[in-house]
Every structure is written in structure tokens, then in C-alpha cells.
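# Chains, contacts and geometry: an overview
Okay, here's what each chain looks like letter by letter:
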Amino acid sequence: MKTTILIVDLQKIILYYGFAPISDPEAVKLWQKTLCESLGLKGRIIISKHGINGTLGGDMAALKKYVRQTKEYAGFRKIDFKWSDGTGNDFPRLRVRVRPELVSFGASDELVVDVNGVVGGGKHLKPKEVDALVAERGDDVFFFDGRNAWEAKIGKFKNAIVNAKVLAALEARLHPILCIGETLEERDGGLIEKVLESQLRESLAEV
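Okay, the packing of aromatic side chains next. Considering all chains together, one arrives at seven aromatic pairs under this definition. Ring centres 5.9 Å apart and planes at 75° place the aromatic pair Tyr 17 and Phe 19 in the edge-to-face group. Ring centres of Tyr 66 and Phe 81 lie 6.5 Å apart, and the angle between their planes is 90°; this geometry places the pair in the edge-to-face category. A residue pair is termed long-range when its members are at least 10 positions apart, and Tyr 66 in helix 2 (residues 60-70) and Phe 81 in the loop between helix 2 and strand 4 (82-84) qualify at 15 residues. In this structure an aromatic cluster arises from ring pairing among Tyr 16, Tyr 66 and Phe 81.

This is the structure:
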């Protein structure tokens, strides 16, 4: 009897972003697209003059090669790549796009980035420092949760519900900032307004 051994490469997902000045986003887009295609990776990459933001899936060996080669770009050497469970099949295709901003605030010219990152950026606080800041400043403290309503629904937090977080923040006399957003499939399907309206209604119920 002939025995066949099937070797399957372990699949993973990487998530990352890095603020770095990019003088030619279109050239970086071409480089990243070519690199990902050569490694068989799928996912989404956004490039702007401020840096890069991506989520990719595929064979772990291919992802490690991607990380090594991406870090060869001087501005991307300090990027902290996060690893997560998943496969390249979690994404329908590879998309590499150039946009005015990595995070859409409609103020691309107000953000200044140099080799050290965002100019005038905030300071990272430890949990105890956050508690002390809230105790000292109270209503002057604003919390920004970068996840939108869609992302929160598939988050890792037990019983994480956007509406509950909003109500809890208001009850604590904090000033929450609500983030909403659509998936690429919803955007391509012309469902942006419907999806965002639904997220707003659910998130701001009883407010």
C-alpha cells in the first residue's frame, strides 16, 4: 500500500500600521502589490503619504518573508506586526490602495509625519496612569475607541456591545467618541448609508 503524506503550511493573519513619510505612495503601492502577489498573500493594504496600514493572510512562511522584506524600507523598520489566527481565504482578494489618509478624518494636511512618526503625537499611558488622569481631570478626559461598530461585533471582548459602552461612558460623565464604518463588501455593494444608519441607531439607542 502506497502512503501519501500531505504537508499543509500553517496559515496566519498579520495586522500592522506604521506612520512614516512616503514621498511616492504610488511607487510603494506597486512594490507592495508585487511583493504580496509573489508570496500568494491576500488582504488589504492602505498607503498614504503618512505611512502604511495593512491586514494580510496566507502561509506563515510567506508572511514572515513579507515582514522581512517590508522592514527593509527605512520608514517601516519599527512596525510592530501583530499575528492572529486565520487564513488567506478570510479575504476575497488582495487590495492595495493609495488614499489621502491612513485613518479617514478628512484632514490629511493637518497631520505631519517624520522619520520618528507623528509630529506632536500623544504619549502612551499605562493603565495606572490612565486611572490617575481620569481621577484628576474628570470630564476633561476623552476616550477614543478606534474600532468601529462592525469591528466591535466580532471583537474578542466578552459581551462587548457598542451601545452599552456608550451608555456606560456617559453615565461616568466621560466624553466618548463613536466610530462607525462599513466593510469593503458593503462599500462595493452601495450599502454605505444603510449600514452606517443602522450602526448609529444601534449604538446611540437610549442616548
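A few words on the pairing of strand 3 (residues 51-59). Counting buried positions over the nine residues of strand 3 gives eight, a clear majority of the element. Two strands pair when backbone bridges link them, and strand 2 (residues 42-48) and strand 3 are joined in this way by seven bridges, in the antiparallel orientation. By the bridge assignment for strand 3, Ile 47 is matched with Ile 52. Counted along the chain from strand 2 to the antiparallel partner strand 3, the turn is two residues long.

The next thing to look at is the packing of helix 1 (residues 25-39) against helix 2. Two numbers describe how helix 1 lies on helix 2: the axes approach to 10 Å, and their chain directions differ by 155°. Relative to helix 2, the element helix 1 is oriented roughly antiparallel. Considering the relative orientation of helix 1 and helix 2, their crossing is right-handed. Here Trp 31, Gln 32, Leu 35, Cys 36 and Leu 39 of helix 1 lie close against helix 2, whose contacting residues are Ala 62, Lys 65, Tyr 66, Gln 69 and Thr 70.

Overall, mixed pairing links the five strands, which are arranged 4-1-3-2-5 in an open sheet. The strands lining the two open edges of the sheet, one partner per strand, are strand 4 and strand 5 (94-98). Neighbour-to-neighbour, the strand axes of this sheet turn through a mean angle of 15°, independent of strand direction. The sheet contact formed by strand 1 (residues 11-19) and strand 4 spans three bridges and is antiparallel. Within the sheet, the bridge partner assigned to Ile 14 lies in strand 4 and is Trp 83. Across the sheet, helix 2 is in contact with strand 1, strand 2, strand 3 and strand 4; its angle to strand 3 comes to roughly 155°.

On the surface, Leu 170, Leu 200, Leu 204 and Val 207 cluster together into a nonpolar patch covering about 340 Å² of accessible area. Note that Leu 204 resides in the segment after helix 7 (192-203). On the basis of relative accessibility, which here comes to 37%, the residue Leu 204 falls in the partly exposed class.

What follows deals with the pattern of salt bridges. In a structure, side chains of opposite charge can pair up when their charged atoms sit close to one another. Scanning the model with the defined rule gives three salt bridges in all. A salt bridge links Lys 12 to Asp 85; the nearest nitrogen and oxygen atoms lie 2.7 Å apart. Of this pair, Lys 12 sits in strand 1 while Asp 85 sits in the loop between strand 4 and strand 5, placing them 73 residues apart in sequence. Its relative accessible area of 19% is what places Lys 12 among the buried residues. You can call Asp 85 exposed: its relative accessible area is 64%.

It is worth spelling out the nonpolar core at this point. By size, the foremost hydrophobic cluster in this structure holds 21 residues, and its most contacted members are Ile 14, Tyr 16, Leu 41, Ile 45, Ile 52, Leu 56 and Tyr 66. Contributing elements (two or more residues each) for this core: strand 1, helix 1, strand 2, strand 3 and helix 2.

What follows deals with the environment of Gln 199. Residue position: Gln 199 is located in helix 7. Relative accessible area serves as the criterion here: at 6%, Gln 199 is assigned to the buried category. Placed 37 residues apart in sequence, Gln 199 and Val 162 show a C-alpha to C-alpha distance of 9.2 Å.

So, on to the pairing of strand 1. Relative to strand 3, strand 1 is paired through nine bridges, and the arrangement is antiparallel. Across the sheet, the residue bridging to Ile 14 is Leu 56, located in strand 3.

Definitions and limits used
Residues numbered from 1 in each chain as written. Predicted model: local features only at pLDDT ≥ 70, side-chain atom pairs only at ≥ 80, totals over all residues. Heavy atoms only, no water. Phe/Tyr/Trp six-rings, centres within 6.5 Å; stacked < 30°, edge-to-face > 60°. Helix = DSSP H or I, 4+ residues; strand = E, 2+ residues; numbered from the N terminus. Buried < 20%, exposed > 50% of the residue type's maximum accessible area, 1.4 Å probe, protein only. Pairing = 2+ DSSP bridges. Axes fitted to C-alpha atoms, helices over the stretch in contact; angles between N-to-C directions. Parallel < 35°, antiparallel > 145°, perpendicular 65-115°, else oblique. Left-handed = near helix turned anticlockwise from the far one by under 90°. Contact = heavy atoms within 4.5 Å. Patch = residues over 30% accessible without salt bridge, like charges linked within 9 Å, V, L, I, M, F, W, Y side chains within 5 Å. Areas by Shrake-Rupley, 256 points an atom, 1.4 Å probe, with all protein chains shown as cover. Salt bridge = Lys/Arg side-chain N within 4 Å of Asp/Glu carboxyl O. Core = buried A, V, L, I, M, F, W, Y, C linked by side-chain atoms within 4.5 Å.

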